[in-house]
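An overview of the molecular structure
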Amino acid sequence: MENLLKGEHLYKEIDEQIIFDQMDADENAIWSLFLACGYLKVESCMLNEDTGEDLYELMLTNKEVQIMFRKLIRKWFSGSGTVYNGFIRALLLGDVKSMNAYMNRVALLTFSYFDSGKKPSADTQPERFYQGFVLGLSVELAGRYIITSNRESSFGRYDVVMEPQKETDHAVIIEFKVRDSKEEASLEDTAQAALKQIEAQRYEADLENRGV
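Remember, predicted model here, so these are calculated numbers, not experimental data.

In terms of helices and strands, the chain carries 8 helices and 9 strands. For the chain, the residues scored as buried account for 39% of the 212 residues in total. Nonlocal contacts in the chain, meaning residues at least 24 apart in sequence, comprise 51% of its contacts between residues at least 6 apart. Put simply, the chain shows about 13300 Å² of open surface, and 50% of that area lies on carbon and sulfur atoms.

What follows is the structure, given as structure tokens:
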């Protein structure tokens, strides 16, 4: 990360199928997550002859992202961590109202115009940004859930799936959607479109096959 903050390039093998259980064991998993969320961009790709895997030349997307990471790292070492228990508690209780209130509060306080993209209806960048944000909030549940992102399931590729480790917990499937004002009259219509996609693409099929 230090090299990236200096504007230098980083060379890493990337796996598009992000699994949070890999974070401790596989250093490359975090770079895959940053790339999927739009914080990193690929400058070039070459074959690593030693491993047979593709080796990606990575850079931070822009100056805003560089500044964001500098501020984030300062906070880590200052001991002022952010507590996400409110969001996680609401998610596990199915309290949509509290989840919405939390997201709105954080968005107003911290998100910038550049974070969520300039052309929401024509660009997938906003979906990736919010996907990365929610994944970050959910990572502390990695011991209770198997959290995966951008993986194939049945007829499509889901955004986030949280598979419970205990039978007493429910699975969670999350799909992110950018509202298209030409196609959808309200945010409720956009939410319904996301639910219909989950059902039509049968994202729950793999979970059901494993008895979840």
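Read on, since the account is not over.
On to helix H7 (residues 187-200). If you check H7, its first and last C-alpha atoms are 20 Å apart, about what 14 residues at 1.5 Å a residue would give, namely 20 Å. Among all positions of H7, only Thr190, Ala194, Gln197 and Ile198 are buried. Seen from one end, H7 has its buried residues packed into an arc of 100°, which puts them on one side. Within H7, the exposed residues directed more than 90 degrees away from the buried face are Glu188, Lys196, Glu199 and Ala200.

On to the pattern of salt bridges. This model, assessed by the stated rule, comprises 4 salt bridges. When the shortest N-O distance is used, the salt bridge between Arg144 and Asp169 registers 2.7 Å. Pair noted here: Arg144 is in the loop between helix H6 (125-138) and strand S5 (145-149) and Asp169 is in the loop between strand S8 (160-164) and strand S9 (172-174), with a separation of 25 residues, a long-range link. Arg144 gets classed as partly exposed once you look at its relative accessible area, which sits at 35%. Across the pair Arg202 and Glu208 runs a salt bridge whose closest N-O atoms are separated by 3.4 Å.

A separate point is the packing of aromatic side chains. Here the structure, examined in full by the defined rule, presents 2 aromatic pairs. Both rings, one in Phe34 and one in Tyr39, keep their centres 6.3 Å apart while their planes meet at 75°; by these two values the pair is edge-to-face. Given the relative accessible area of 14%, Phe34 is considered buried. On the basis of relative accessible area, Tyr39 is assigned to the buried category, the value being 13%. Judged by centre distance (6.3 Å) and plane angle (75°), the rings of Tyr158 and Tyr203 are edge-to-face.

For the rest of this paragraph, the subject is the sheet that holds strand S4 (residues 53-60). A sheet is described by the order of its strands in space; here 3 strands give the open sequence S1-S4-S3, paired in antiparallel fashion. Sheet topology places strand S1 (10-13) and strand S3 (40-48) at the edges, where each strand pairs with a single neighbour. Direction aside, neighbouring strands of the sheet carry axes that sit 30° apart on average. Two elements, S1 and S4, share 4 bridges in a ladder whose sense is antiparallel. Bridging from a neighbouring strand, Glu13 pairs with Leu55 of S4.

Let's shift gears to the side chain of Glu184. Examined against the element boundaries, Glu184 turns out to sit in the loop between S9 and H7. Although Glu184 lies buried, it forms no salt bridge, and the closest oppositely charged side chain, Arg179, sits 5.3 Å away as judged by the N-O distance. Polar contacts involving the side chain of Glu184 include one to the side chain of Thr190, which spans 2.8 Å.

Before going further, it helps to examine the confidence of the model for the chain. Looking at the chain as a whole, the pLDDT averages 76, with 74% of positions reaching at least 70. Per-element confidence in the chain ranges from a low mean pLDDT of 60 for strand S2 (residues 18-19) to a high of 90 for H7. Confidence over residues 80-84 falls short of pLDDT 50; this stretch has 5 contacts with residues more than four positions distant or in other chains. Across residues 118-123, confidence stays below pLDDT 50; counting only partners more than four residues off in sequence or on other chains, it has 4 contacts.

Positive phi outside glycine occurs at Arg202, with the angle close to 55°. Counting through the fold element by element, Arg202 comes out in the loop between H7 and helix H8 (205-209). Under the relative-accessibility criterion, Arg202 is labelled partly exposed at 31%.

Time to look at the nonpolar core. Counting 35 residues, the largest nonpolar core has Phe87 and Met162 as its most contacted members. It is H6 that contributes the most residues to this core, 5 residues altogether. In this view, Met162 contacts Leu91, Ser138, Leu141, Tyr145, Ile146, Ile147, Ala171 and Val172; residues no more than four positions away in its chain are not counted. Tyr158, Val161, Ile198 and Tyr203 belong to the second largest nonpolar core, which has 5 residues in total.

Definitions and limits used
Residues numbered from 1 in each chain as written. Predicted model: local features only at pLDDT ≥ 70, side-chain atom pairs only at ≥ 80, totals over all residues. Heavy atoms only, no water. Helix = DSSP H or I, 4+ residues; strand = E, 2+ residues; numbered from the N terminus. Buried < 20%, exposed > 50% of the residue type's maximum accessible area, 1.4 Å probe, protein only. Contact = heavy atoms within 4.5 Å. Areas by Shrake-Rupley, 256 points an atom, 1.4 Å probe, with all protein chains shown as cover. Expected span 1.5 Å × (residues − 1). Arc of directions from axis to C-beta. Salt bridge = Lys/Arg side-chain N within 4 Å of Asp/Glu carboxyl O. Phe/Tyr/Trp six-rings, centres within 6.5 Å; stacked < 30°, edge-to-face > 60°. Pairing = 2+ DSSP bridges. Axes fitted to C-alpha atoms, helices over the stretch in contact; angles between N-to-C directions. Lys, Arg positive; Asp, Glu negative; His and termini not counted. Polar contact = N/O pair within 3.5 Å; in protein donor to acceptor, adjacent residues only side chain to side chain. pLDDT = per-residue confidence, 0-100. Core = buried A, V, L, I, M, F, W, Y, C linked by side-chain atoms within 4.5 Å.

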